[in-house]
Amino acid sequence: MTLNYIWIAFFLIAFAVALVRLVFFGDFDVFPAMMDSTFASSKTAFEISLGLTGVLSLWLGIMKIGEQGGLVSALARLLSPVFTRLFPDIPKGHPVTGSIFMNVAANMLGLDNAATPLGLKAMEQLQELNPKKDTASNPMIMFLVLNTSGLTLIPISILVYRAQMGAQQPTDVFIPILLATFFSTLAGIIVTSLYQRINLLNRTMLLTLGICCLAVAGAIWGFSRLDSELMNRASTTVANILLMTIIVGFILAGMRKKVNVYDAFIEGAKDGFTTAVRIIPYLVAILVGIGVFRASGAMDMLISGISRAVEASGLDAQWVGALPTALMKPLSGSGARGMMVDAMTTYGADSFIGRLSCIFQGSTDTTFYILAVYFGSVGIRHTRHAVVCGLLADLAGILAAIGIAYLFFN
């Protein structure tokens, strides 16, 4: 329902602003511009969705190979000591553990559409363990926050959108997104653990978080010592090496298990095609709404107002142009995706605002959407501290994204 109200608001506010410009300022071009934007945005949405078909098919196919090759199970075993401490109320060996691991793995690979079915399955299994069927349990909330914090190792969809929008190096935001989503996830885990009185001060958790923090700190320190051109080149190279290593690793794992990797790939790739077709109406709807909103002048008024407020406080306001993506992300993934595409269309894919909007998109996930879908699927009415923890993780991701964008691209 939230996206419904937002979409309606785009049109009503745009119409009101355009009417004011026409009546009080004699701007006769505003309504033709709004109508032109509806057709242009519809065409852009379809072209983007069409361009996504191949890449989505590729990565869903690769994911299927990894699943049949046993790498997902291997990841589950590797992470088991950590997850048993984050979810102390889940009995050892319960099937929900596998679903949670697979959901997290899909999110880490940036495969949102593959992660959602696994997440719904995990939520149903968690509901079986829940003594109060209308109230979110502690494992449910921790699982939700892990999803909303947007832990992503490979933001495939964002890289594809950047390629579609003409970025010279679509992968140059890979390392910044990795850093921002780490801070978001870390904040979400800490806040939720405080609410649930989970002791993170044990050897396993401290060692895990310590290694992760050292790795991130080392990456920030190393990249900060490079000039901007070399930094971009290094992050792009690391990203491409990692992506190719994952593809080859999944194929080798499939061969080791004597999986017909070609058939497995085809099976997964079919889901990529249907997914790309399924998102067309959603992308058309949100891009048309945003296009009308921007063509009316309402978006410029909002951004300029925030920009003046930031400048009046003595802070740099360069990041404000990407703020709509950050504000939309907790509400709607498709809405934030539309804002990101709109920012790259308006300012350029390789502009500071275009890159920051991509980092915003990849640093967190859609808190309210995930809450509504996951909890709604099992009839949860009382969400307890889920919203607070999710939004605090979002805030940490937004602040981290701004700082990291200035470090890499300013």
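These numbers come from a predicted model, not from an experiment.

Moving on to the packing of aromatic side chains. The full count for this structure, using the stated rule, is six aromatic pairs. With 4.9 Å between their ring centres and 55° between their planes, Phe 352 and Tyr 406 make a pair best called tilted. With a gap of 54 residues between them, Phe 352 in helix α16 (residues 352–363) and Tyr 406 in helix α18 (residues 386–409) connect regions that are remote in the sequence. By relative accessible area, which is 9% here, Phe 352 ends up buried. Residue classification places Tyr 406 among the partly exposed positions, given a relative accessible area of 22%. Ring centres of Phe 408 and Phe 409 lie 6.1 Å apart, and the angle between their planes is 45°; on these two criteria the pair is classed as tilted.

Once that is clear, we can look at the packing of helix α8 (residues 174–196) against α16. In the contact formed by α8 and α16, the axes pass within 8 Å of each other and the chain directions differ by 40°. When the interaxial angle is binned, α8 and α16 end up oblique. The two elements α8 and α16 cross, and the hand of that crossing is right-handed. Where α8 approaches α16, its residues Pro 176, Ile 177, Ala 180, Thr 181 and Ser 184 are matched on the opposing element by Cys 358, Ile 359, Gly 362 and Ser 363.

On to helix α6 (residues 138–148). Burial of α6 is extensive: ten of the eleven residues sit out of reach of the surface. Every buried residue belonging to α6 is among Pro 139, Met 140, Ile 141, Met 142, Phe 143, Leu 144, Val 145, Leu 146, Asn 147 and Thr 148, and all of these are buried.

Side chains of Phe 15, Leu 19, Val 20, Val 23, Phe 24 and Phe 25 sit close together on the surface and give an oily, nonpolar patch of about 660 Å² of accessible area. Along the chain, Phe 25 falls in helix α1 (residues 2–25).

So, about the nonpolar core. Formed by 52 residues in total, the largest nonpolar core has its most connected members in Phe 10, Val 173, Trp 319, Leu 356, Ile 359 and Phe 360. No other element matches the eight residues that α18 contributes to this core. The contacts of Phe 10, once residues within four sequence positions are left out, are Ile 286, Gly 289, Ile 290, Phe 293, Met 328 and Met 339. Among the nonpolar cores identified, the runner-up in size contains 36 residues, and Met 142, Tyr 374, Phe 375 and Cys 389 belong to it.

If you trace the backbone, Thr 383 turns up in the loop between α17 (367–377) and α18. We classify Thr 383 as buried; its relative accessible area is 19%. Contacts of Thr 383, omitting those with residues within four sequence positions, involve Ala 136, Ile 141, Leu 371 and Phe 375.

Moving on, we get to the pattern of salt bridges. Overall, the coordinates contain five salt bridges when judged by the stated rule. Here Asp 172 ties to Arg 355 by a salt bridge, and the two come within 2.9 Å at their closest N and O atoms. Within this pair, whereas Asp 172 is found in the loop between α7 (156–164) and α8, its partner Arg 355 is found in helix α16, the two being separated by 183 residues in sequence. Its salt-bridge partner being Asp 350, residue Arg 355 comes within 4.0 Å of it at the nearest N-O pair.

Rolled over the atoms, a probe with the dimensions of a water molecule shows which regions are left empty. Taken as a whole and judged by the stated rule, the model has one cavity of 30 Å³ or more. Computed from the structure, the largest cavity encloses a volume of approximately 40 Å³. If you trace the largest cavity, you find it lined by Arg 294, Met 299, Gly 321, Pro 324, Met 339, Asp 342, Ala 343 and Tyr 347. Ranked by residue count, the leading element in the lining of the largest cavity is helix α15 (residues 333–347), at four residues. Taken together, the residues of the lining of the largest cavity sort by class into five nonpolar, one polar and two charged.

Our next topic: the side chain of Asp 394. With respect to the helices and strands, the residue Asp 394 is situated in helix α18. Of the side chains bearing the opposite charge, Lys 329 lies closest to the buried Asp 394, which forms no salt bridge; the N-O distance is 7.8 Å. Not counting residues within four places of it along the chain, the set of residues in contact with Asp 394 comprises Thr 148, Ser 184, Pro 330, Thr 364, Asp 365 and Thr 367.

Now for the confidence of the model for the protein. On average, the protein scores 80 in pLDDT, and the residues at 70 or more come to 86%. The least confident element of the protein, judged by mean pLDDT, is helix α3 (residues 71–86) at 72; the most confident is α16 at 91.

Glancing now at the packing of α8 against α18. For any two helices packed against each other, one specifies the inter-axial angle together with the distance between the axes. The contact between α8 and α18 brings their axes to 8 Å, and the two run at 150°. Classed by the angle they form, the pair α8 and α18 counts as roughly antiparallel. The chirality of how α8 crosses α18 is right-handed. Contact with α8, carried on its side by Ile 175, Pro 176, Leu 179, Ala 180, Phe 183, Ser 184, Ala 187, Gly 188, Val 191, Thr 192 and Tyr 195, involves Val 388, Cys 389, Leu 392, Ala 393, Asp 394, Ala 396, Gly 397, Ala 400, Ala 401, Ile 404, Phe 408 and Phe 409 of α18 and no other residues of that element.

Here we take up α8. Its 23 residues give α8 an end-to-end C-alpha distance of 33 Å, which sits within 8% of 33 Å, the value for a rise of 1.5 Å per residue. In terms of residue burial, α8 counts as a mostly covered element, since 18 of its 23 residues are buried. Among the residues trailing α8, Arg 197 stands out with phi positive, at a value near 55°.

Further remarks concern the environment of Phe 183. Relative to the elements of secondary structure, Phe 183 occurs in helix α8. Placed 210 residues apart in sequence, Phe 183 and Ala 393 show a C-alpha to C-alpha distance of 8.2 Å.

So, about the environment of Leu 207. Looking at where Leu 207 falls in the secondary structure, it is placed in helix α9 (residues 203–224). A relative accessible area of 52% means that Leu 207 is categorised as exposed. For the pair Leu 207 and Val 82, spaced 125 residues apart in the sequence, the C-alpha separation amounts to 9.9 Å.

The rules behind these values
Residues numbered from 1 in each chain as written. Predicted model: local features only at pLDDT ≥ 70, side-chain atom pairs only at ≥ 80, totals over all residues. Heavy atoms only, no water. Phe/Tyr/Trp six-rings, centres within 6.5 Å; stacked < 30°, edge-to-face > 60°. Helix = DSSP H or I, 4+ residues; strand = E, 2+ residues; numbered from the N terminus. Buried < 20%, exposed > 50% of the residue type's maximum accessible area, 1.4 Å probe, protein only. Axes fitted to C-alpha atoms, helices over the stretch in contact; angles between N-to-C directions. Parallel < 35°, antiparallel > 145°, perpendicular 65-115°, else oblique. Left-handed = near helix turned anticlockwise from the far one by under 90°. Contact = heavy atoms within 4.5 Å. Patch = residues over 30% accessible without salt bridge, like charges linked within 9 Å, V, L, I, M, F, W, Y side chains within 5 Å. Areas by Shrake-Rupley, 256 points an atom, 1.4 Å probe, with all protein chains shown as cover. Salt bridge = Lys/Arg side-chain N within 4 Å of Asp/Glu carboxyl O. Core = buried A, V, L, I, M, F, W, Y, C linked by side-chain atoms within 4.5 Å. 1 Å grid on protein atoms, 1.4 Å probe; cavity = no way out; pocket = protein on both sides within 12 Å on 5 of 7 lines; lining within 4 Å. Points joined across faces, edges and corners; volume = space filled by probe spheres on them. Nonpolar A, V, L, I, M, F, W, Y, C, P; charged D, E, K, R; others polar. Lys, Arg positive; Asp, Glu negative; His and termini not counted. pLDDT = per-residue confidence, 0-100. Expected span 1.5 Å × (residues − 1).

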